[in-house]
2 protein chains.
Amino acid sequence: MKATIITIGDEILIGQIVDTNSVSIAKHLNAAGIVVREKLSIGDDRAQIVEAVERALSASEVTVVTGGLGPTKDDITKKTLAEMFRSEMRCNQRVSDHVERMLAERGIEFNELNRSQAMVPACCTVLFNAHGTAPGMWFERDGHVVVSLPGVPFEMEHLMEDEVMPRLKAHFALRQIVHRTMITAGLPESMLAKRIEAWENALPPYLKLAYLPNPGAVRLRLSAYEVEGESVAREIDRQFEALRKIIPHNIIGFETATMQELVHKILTERGLTLATAESCTGGVIASRFTAMPGASAYFRCGVVSYSNESKVNLLGVNPADIARYGAVSEQVARQMAEGARRTAGADYGVATTGIAGPAGGSAEKPVGTVWIAVSSPERTVVLLKQCGTDRGQIIDRASAFAISLLRDCLNGK
Amino acid sequence: MKATIITIGDEILIGQIVDTNSVSIAKHLNAAGIVVREKLSIGDDRAQIVEAVERALSASEVTVVTGGLGPTKDDITKKTLAEMFRSEMRCNQRVSDHVERMLAERGIEFNELNRSQAMVPACCTVLFNAHGTAPGMWFERDGHVVVSLPGVPFEMEHLMEDEVMPRLKAHFALRQIVHRTMITAGLPESMLAKRIEAWENALPPYLKLAYLPNPGAVRLRLSAYEVEGESVAREIDRQFEALRKIIPHNIIGFETATMQELVHKILTERGLTLATAESCTGGVIASRFTAMPGASAYFRCGVVSYSNESKVNLLGVNPADIARYGAVSEQVARQMAEGARRTAGADYGVATTGIAGPAGGSAEKPVGTVWIAVSSPERTVVLLKQCGTDRGQIIDRASAFAISLLRDCLNGK
């Protein structure tokens, strides 16, 4: 069973927005065993929409279209689909009542633009959008399906889950797709590939291996398309277990596993607590931990000590050392980590101080210079890292290095 | 001048990654006056790659392909393009030397997988990739151009900027594309559309208006394709000035303007300083400010006071009030904002305390309940906000509300 995803909107073609709708739709379709053969983005243009939908209809059984359903003049998807399917427009009373009620609750006047949201092609099945004013639409031709959804991610997501997927599962007899991804760290792609070459060559032919390099990590994905899911999932688990024996020290986890999740798990299981003291990373380390449910069990507090005064007053850094070595120095990083631990009464303290740029660099301490420290009940470890040249990249990398160093310290390395 | 962007990789079609490469490529092409007519994502599949590139070659003058250039077996783009253009593979000595040196610096062994990175189709022009091991490639047929770039965003970005764009500008006579976006807040899309209807109807026909709704904001974009850029840019400025008179209180700024940029600008210009005290937002407010170059001029410090002890010890919150009203309360939010101001010696203090969930909610204080406070030299303002049900969404919205309240206080509202 094949699918095509079409996202409509000039904002996509000019690079004004990142298309996350097609990511979510692809996940839903894959999970149900439907293979996405192509994703396509086109503009709000009648001829392009007709051509793309006609081509998708003949190449795949399922076509999911998003975007272009708003009440304003630039949105033409609904009108174009109505013409394509040679259908009159008709008012849907349920949608009309819903839009009127929804706007009243939010204190928005019901004008003819909103009213037009309830007009739908007579030939389609309306997919009720409880979270917005634009309904989804389900069209059929020769057993093939075209679904049109609003482009607002939240509304699209609910419609995919509540309306589209149950209908697709009822409409088609579907087989299964299995994907499983192992996250590795510490081996660059080419070295990893050589190390696991014999394992890769011995994989059964229906398993497809993909290497997905990230900064500091390589993801290995095994995929099987349109198979009997359970036995294949077991085979993939067996293959990854065999791989674990080849690279035991390089495996972080599966799927979207991250270093902060590993640390979160270790701290939670051992009943240890954490405090952060961030200068150049400006709160990112704290926010990565506190984004995870349950962080309050171990996360005591964080200090974003941008000013020297706050390093002294909140963390107890010695002002003479700031004057002598500079705020970006081994000594200050060490005292920040130890100060965070002490101030918060936490078991572990992690600290960063560096030059995120674009200004503030020097020959001796160029932009990207970051000192990272982790203080534990036993000792304090301090590392110097060069984290790049771009402010966002420096903040990101320094945060990742700090969390990785914290994990090493927790593991007694 | 038309272009097609093709991104290759099964990881895109199964929804494992978000495709940001095509966003960046689209921006580059638009800035040079090249209209992107279609973006296409396909799998690592020979037949699909050939079909997509052939179709793009006949429909547009420029085709930019990314992905599938890695050293591992799943990457087949280079081989497929060589077959399509009926070209032998040949070793490029400059690339070979570069790869060997690059790996040596990083302590990675030079094996036959890396060596294969220097093999390129004889008919192409090699685009030297200073930041990675896979070179870019430039092919021509009947005056139309196909460019193949690695999928690693950082490497792709440098190749677009340093190699592809200068060559495209030299190869084609290009006209201009002008986009300008005004960010509005406080009016939902349909009300905004009614309010500015007369203005929209009077726009010159070569200006295309798009409405792009965001939570809490609607972006209005005016676009003109393949025109004389300067006079059109002036006309767009005139139109937006006219719009400013219609909705003077709803304009945040232009392009990617954000509320934190507005606040950053106000604080910088007035020489005021800021401190944050975050509970449920866990460092996100601090990180939004410190992500901006120049934040160190006003950002004194932030405290992520997750534990009650840190609220008391670092911010001076009265423990009796925590016991009486709870940590999520008007009283504690007020004392946190005032404590942040006092501790940091800052002019303004902003604080959040709430229930980000999924656990910790009650009938009286459900998940999503957030108290937000801003303390200024004149007074402290405290607001209660219901920020949704999902942890990430709650953190995001509470941070946005807090920054928006800070702006209102700075403007004396």
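These figures come from a predicted structure and were not determined experimentally.

What follows deals with the overall build of chain A. Within chain A one finds 16 helices and 17 strands. Seen through its principal axes, chain A has C-alpha atoms that stretch 80 × 60 × 40 Å. Split into buried and exposed, the 413 residues of chain A put 59% on the buried side. In the structure as shown, chain A presents an accessible area of about 16700 Å², 51% of it carried by carbon and sulfur atoms. Distance between charge centres in chain A, computed from 45 positive and 48 negative side chains, equals 6 Å.

Once that is clear, we can look at helix α11 (residues 259–270) of chain A. Residue and element names in this part refer to chain A. With twelve residues, α11 extends 17 Å from end C-alpha to end C-alpha; this agrees with the ideal 16 Å at 1.5 Å per step. Considered for burial, the residues of α11 that qualify are Met259, Gln260, Val263, His264, Ile266 and Leu267. Buried residues of α11, seen end-on, are gathered within an arc of 165 degrees and therefore sit on one face of the element. Against the buried residues of α11 lie β12 (251–254), β13 (274–278), α12 (284–290) and α16 (391–410). Phi turns positive, to about 65 degrees, at Gly271, one or two residues after α11.

On to the interface of chain A and chain B. In this assembly, 81 residues from chain A lie in contact with 81 residues from chain B. For chain A, the biggest contributors to the area lost against chain B are A:Ile14, A:Lys39 and A:Tyr306; these three give 9% of the whole. Remark: the boundary between chain A and chain B carries six salt bridges. A:Glu38 is the partner of B:Arg55 in a salt bridge, and the nearest nitrogen-oxygen pair spans 3.8 Å. Across the chain A-chain B interface, the total number found is 39 residue pairs in polar contact (both at pLDDT 80 or more). Taken together, the residues of the side of chain A that touches chain B sort by class into 35 nonpolar, 24 polar and 22 charged. With five bridges joining them, strand β14 (residues 299–305) of chain A and strand β14 (residues 299–305) of chain B adopt antiparallel strand pairing. Within β14(B), the residue paired with A:Cys301 across the bridge is B:Ser305.

As a further point, take the pattern of salt bridges. All chains considered together, the criterion is met by 38 salt bridges over all chains. The salt bridge partner of A:Arg238 is A:Glu235, with a shortest N-O separation of 2.7 Å. You can see A:Arg238 and its partner A:Glu235 sitting in helix α10 (residues 229–246), three residues apart, about one turn around the helix. The class of A:Arg238 is exposed, set by a relative accessible area of 52%. For A:Glu235, a relative accessible area of 14% gives the class buried. Close ionic contact of B:Arg244 with B:Glu241 constitutes a salt bridge, the shortest N to O distance being 3.5 Å. On the criterion of helical spacing, the pair formed by B:Arg244 and B:Glu241 is a turn pair, its members being three residues apart in helix α10 (residues 229–246).

In terms of domains, chain A is made up of domain 1 (2–171), domain 2 (176–254) and domain 3 (259–410). A separation of 46 Å is found between the C-alpha centroids of domain 1 of chain A and domain 3 of chain A.

Attention now goes to the relation of the copies chain A and chain B. Superposition of the two copies of the chain requires a rotation about an axis together with a shift along that axis. Expressed as a screw operation, the relation of chain A to chain B combines 0.3 Å of axial shift with a rotation of 180 degrees, fitting to an RMSD of 0.4 Å. Expressed as an axis order, the relation between the two copies is that of a two-fold axis. Taken together, the interface assignments show that 99% of the residues at the interface of chain A recur at the interface of chain B, consistent with an identical surface on both copies.

Another aspect to go through is the pairing of strand β17 (residues 380–386) of chain A. Residues and elements named next belong to chain A. As paired strands, strand β16 (residues 369–375) and β17 are joined by seven bridges and run antiparallel to one another. Within β17, the position partnered with Val370 by the bridge is Lys385. The turn joining β16 and β17, which pair antiparallel and follow one another in sequence, is formed by four residues.

What follows is about the environment of B:Cys124. Residues and elements named next belong to chain B. Inspection of the secondary structure puts Cys124 in the loop between β5 (119–121) and β6 (125–127). Residues Cys124 and Ser87 lie 37 residues apart in sequence; the distance between their C-alpha atoms is 8.6 Å. Residues contacting Cys124, with those up to four places away along its chain left out, are Met137, Trp138 and Phe139.

Glancing now at the environment of B:Arg407. Inspection of the secondary structure assignment puts B:Arg407 in helix α16 (residues 391–410). Residues B:Arg407 and B:Met259, 148 residues apart in the sequence, show an inter-C-alpha distance of 7.7 Å.

Time to look at the packing of aromatic side chains. Under the definition given, this model contains nine aromatic pairs over all chains. For the ring pair A:Phe85 and A:Phe139, a centre distance of 4.5 Å and an interplane angle of 15 degrees mean the geometry is stacked. Remark: A:Phe139 occurs in strand β7 (residues 136–141) and A:Phe85 occurs in the loop between α4 (77–84) and β4 (89–91); sequence separation between them is 54 residues. Overall, A:Phe85 belongs to the buried group, its relative accessible area being 14%. A:Phe139 sits in the buried class, given a relative accessible area of 1%. With 5.8 Å between their ring centres and 65 degrees between their planes, A:Phe240 and A:Phe254 make a pair best called edge-to-face. Here A:Phe254 lies in strand β12 and A:Phe240 lies in helix α10, a separation of 14 residues in the sequence. Residue classification places A:Phe254 among the partly exposed residues on the basis of a relative accessible area of 23%. Here the guanidinium or amino end of B:Arg94 rests over the ring plane of B:Phe128, the centre of that ring lying 3.7 Å away.

Conventions and cut-offs
Residues numbered from 1 in each chain as written. Chains lettered and ligands numbered in written order. Predicted model: local features only at pLDDT ≥ 70, side-chain atom pairs only at ≥ 80, totals over all residues. Heavy atoms only, no water. Helix = DSSP H or I, 4+ residues; strand = E, 2+ residues; numbered from the N terminus. Buried < 20%, exposed > 50% of the residue type's maximum accessible area, 1.4 Å probe, protein only. Areas by Shrake-Rupley, 256 points an atom, 1.4 Å probe, with all protein chains shown as cover. Lys, Arg positive; Asp, Glu negative; His and termini not counted. Charge placed at Lys NZ, Arg CZ, Asp CG, Glu CD. Expected span 1.5 Å × (residues − 1). Arc of directions from axis to C-beta. Contact = heavy atoms within 4.5 Å. Buried area = accessible area lost by both parts, 1.4 Å probe. Salt bridge = Lys/Arg side-chain N within 4 Å of Asp/Glu carboxyl O. Polar contact = N/O pair within 3.5 Å; in protein donor to acceptor, adjacent residues only side chain to side chain. Nonpolar A, V, L, I, M, F, W, Y, C, P; charged D, E, K, R; others polar. Pairing = 2+ DSSP bridges. Domains from an automatic or database assignment. Least-squares fit on C-alpha atoms with pLDDT ≥ 70 in both. Phe/Tyr/Trp six-rings, centres within 6.5 Å; stacked < 30°, edge-to-face > 60°. Lys NZ or Arg CZ within 6 Å of the ring centre and 35° of its normal.

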